[in-house]
Amino acid sequence: MRLSVSIWLAFAATTATAFAPVNKMATTRSLSSLRMAIETDVDTIVVGAGISGSTLAHNLSRNGVDVMLTEARDYVGGNVISHKTDDGFIWEEGPNSFATQPSIVRIAYELGIADQLVFADESLPPWVNHNGKLHPLPKGQGGKGPAGQLELIFGPNGVLKFATTGELLSWPGRIRAGIGAFLGHAPPPEGKDETIREWVTRILGEEVFLRCIDPFVSGVYAGDPETLSMKAALSKIARIENYAYSIEWNKFGAIFYGGLKRQVELTKERKADPPAPEWPEFEYGNPGSFKEGLSTLPNAISKELGSKVKLQWKLTKLERSEKDGVYTATYDTPSGEKKVTAKSIVSTAPAHALKGVLDPVLPEAKVLFDKVRKEINRVGIYHPPVAAVTVAYPKSSFKDVELPNGFGNLQNLPGFGSLNPRTEGVRTLGTLWSSSLFPGRAPKDYNLLLNYIGGSRDTGLAELSDDEIIAEVDKGCRQVLLKPDAPEPKVLGLKIWPTAIPQYELGHLEIIKELEEAESKIPGLWVCGNYRTGVAFPDCVTFGYEHAKVVKKFVDETSEVADKEAAPAR
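**Here's the deal with the pattern of salt bridges**
Next, step 1: The final tally for this structure, using the stated rule, is 27 salt bridges.
Next, step 2: Of the charged contacts in the structure, one is a salt bridge between E207 and R211, with a shortest N-O distance of 3.4 Å. Remark: R211 and E207 occur in helix α8 (residues 206-221); sequence separation between them is 4 residues, near one turn of the helix.
Next, step 3: Among the residues examined, E207 registers a relative accessible area of 19% and is labelled buried.

**A closer look at the environment of E241**
Next, step 1: Here E241 lies in helix α10 (residues 235-246).
Next, step 2: Through-space distance from the C-alpha of E241 to that of G258 is 6.2 Å; in sequence the pair is 17 residues apart.
Next, step 3: Here E241 is in contact with H185, P188, W199, R202, I203 and I255, once residues within four sequence places are set aside.

**Notes on the nonpolar core**
Next, step 1: One finds L60, L297 and F537 to be the most contacted residues of the largest nonpolar core, which totals 40 residues.
Next, step 2: Within the residue set of this core, elements represented by two or more residues are α2 (51-62), β2 (67-71), α3 (102-110), α12 (296-305) and α18 (537-566).
Next, step 3: For this core, the element with the most residues is α18, which contributes 9 residues.
Next, step 4: Grouped together as the second largest cluster of nonpolar side chains are 33 residues, M68, A365, I512 and V527 included.

**Some details on the confidence of the model for the protein**
Next, step 1: With 90% of its residues at a pLDDT of at least 70, the protein reaches an overall mean of 89.
Next, step 2: Per-residue pLDDT stays below 50 along residues 1-38; that stretch engages in 104 contacts with residues further than four places along the chain or on separate chains.

**Section: α2**
Next, step 1: Here α2 spans 16 Å end to end across 12 residues, near enough to the 16 Å set by a 1.5 Å rise per residue.
Next, step 2: With respect to burial, α2 is a largely interior element, 10 of its 12 residues being buried.
Next, step 3: Taken as a whole, α2 has its buried residues at I51, S52, G53, S54, T55, L56, A57, H58, N59 and L60.

**Some words on the packing of aromatic side chains**
Next, step 1: Enumeration according to the criterion identifies 14 aromatic pairs in this entry.
Next, step 2: Seen in terms of ring centroids, W127 and F407 are 5.5 Å apart; in terms of plane orientation they differ by 75°. Their pairing is edge-to-face. Of the two residues, W127 is situated in strand β7 (residues 126-130) and F407 in the loop between β17 (402-403) and β18 (408-409); the sequence distance between them amounts to 280 residues. Of the two residues examined, W127 and F407, each falls in the buried class.
Next, step 3: With a centroid separation of 6.5 Å and an interplanar angle of 25°, the aromatic rings of W127 and W433 are classed as stacked. With a gap of 306 residues between them, W127 in strand β7 and W433 in strand β20 (residues 430-433) connect regions that are remote in the sequence.
Next, step 4: For W127, a relative accessible area of 0% puts it in the buried group.
Next, step 5: Through successive ring pairs, a cluster of aromatic residues spans F182, W249, F256 and Y257.
Next, step 6: For the cation-ring pair, R106 lies above Y545, with the distance from its terminal atom to the ring centre recorded as 3.8 Å.
Next, step 7: The positively charged end of K495 is found above the aromatic ring belonging to W497, 4.8 Å away from the centroid.

**Quick word on the sheet that holds strand β6 (residues 117-119)**
Next, step 1: Strand order in the open sheet made by the 3 strands is β5-β9-β6, with antiparallel pairing throughout. Both outer strands of the open sheet, β5 (98-99) and β6, are each paired with one neighbouring strand and no more.
Next, step 2: With 2 bridges connecting them, β5 and strand β9 (residues 287-290) associate as antiparallel partners. Residue pairing in the sheet places A99 in a bridge with P287 of β9.

Cut-off values and rules
- Residues numbered from 1 in each chain as written.
- Predicted model: local features only at pLDDT ≥ 70, side-chain atom pairs only at ≥ 80, totals over all residues.
- Heavy atoms only, no water.
- Salt bridge = Lys/Arg side-chain N within 4 Å of Asp/Glu carboxyl O.
- Helix = DSSP H or I, 4+ residues; strand = E, 2+ residues; numbered from the N terminus.
- Buried < 20%, exposed > 50% of the residue type's maximum accessible area, 1.4 Å probe, protein only.
- Contact = heavy atoms within 4.5 Å.
- Core = buried A, V, L, I, M, F, W, Y, C linked by side-chain atoms within 4.5 Å.
- pLDDT = per-residue confidence, 0-100.
- Expected span 1.5 Å × (residues − 1).
- Phe/Tyr/Trp six-rings, centres within 6.5 Å; stacked < 30°, edge-to-face > 60°.
- Lys NZ or Arg CZ within 6 Å of the ring centre and 35° of its normal.
- Pairing = 2+ DSSP bridges.

What follows is the structure in structure tokens.
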């Protein structure tokens, strides 16, 4: 029994401490050779009005930088698109929620939409579909501090109960995970960029990978864990191994102790930089959204920036004057070609949208779409197709079964959602139980489901018709959640993203390193985007806050240089 508890303590510590925000782009550039002209149309152009670009523009404007935000599409928000129907459904075409971080609560407060924030019931677990049953992953009951930790271990859906009565892992699988977590494991191979599958299997065993990590990777990246780089895609979890080996007596790198060390460090960091007292209360990592959906945030930014936002402006060329360092951006717009000059440029557009655009200024950016990686048969950064399909069924059409650990009847969908390991034969990657997460998402007699299908291991999705995609999703729902005689789904939304989530695959870090080295030689230009700063909603918002400091510093310093050069001699 003690070993079983240890296994799940290790797993909980490893995952729960992995998602602390980090500053991924703290860049200082030399201005020794810069001679900046005073006159430009704006200080900074932000290219791309997704969550990264729009939050960056908000933070720049709030800090006195004259900014222009340009977007090729006709709306602000990128992949974040929310809908509401007259009959009471609210659904998303892209991401469904965020793991709450201070950067999100901060910007909501600044925009005056903090009262629109909604948070999920912290006791609701994610479920894993295995062997025809749904298995809850360990979760506390919403307690704070030490009480919450005790709930996670001893609560009704805690680690102890999961380890002793849960059926997701076999006993051999638990023992193997326990050895890696508490005794040690094989050291990382020297000089090798491990895949997610290789890393997890080396440390916790094949069964943990197949039944816990594989569905997680499918849900986050829609990716292939046999090509995704552990250090690139899940860097915050990979770092825990470094923490483990940094403990002098932990000679074999037992991962659990690294997780504990990181947890202590993280607690100190949060105490040193607590949330502002005027912000609404929140729990780190708890799923959150807004009452009317995630689009509330980019819509508020668009309203705040007003005429500084230029929609349906497609960047076609970027040039830089060797004489004074001024950038000229050329756009195709609804009213014809437009040219805008700026002291600095930040591109947050997808990698695939930049081909040829940056050549005059940063030809080395071709690495984003031309770099050949023979070991995974890939050219450039890959964005696989993913479809987001939102359907609703009457609650009475769901299986009338009682779920384990006192969560009640499946018809009430008591959880975050269900994940499907690739070994289970369900084509849908995962299903988010939207109507259970946040209030007001569906009429009381319906359950609302957001399904993701496609990804790196199912590229054939792009060849399917809309009806065929919906049929696959409906089939998956019937395999996991519905009664055999359930009615046809009420289809609310189908959005196919042909180039969806960027894949942080083997060789990704080398691509980014080449880009950073080239970028460092061109003052005032940053090529960012979620292929560089993280794919999750909180990563994008945190980037917008942190990188605004870098751009603001550059703009201020270049202005000081220009002012000194323009001043008359005395």
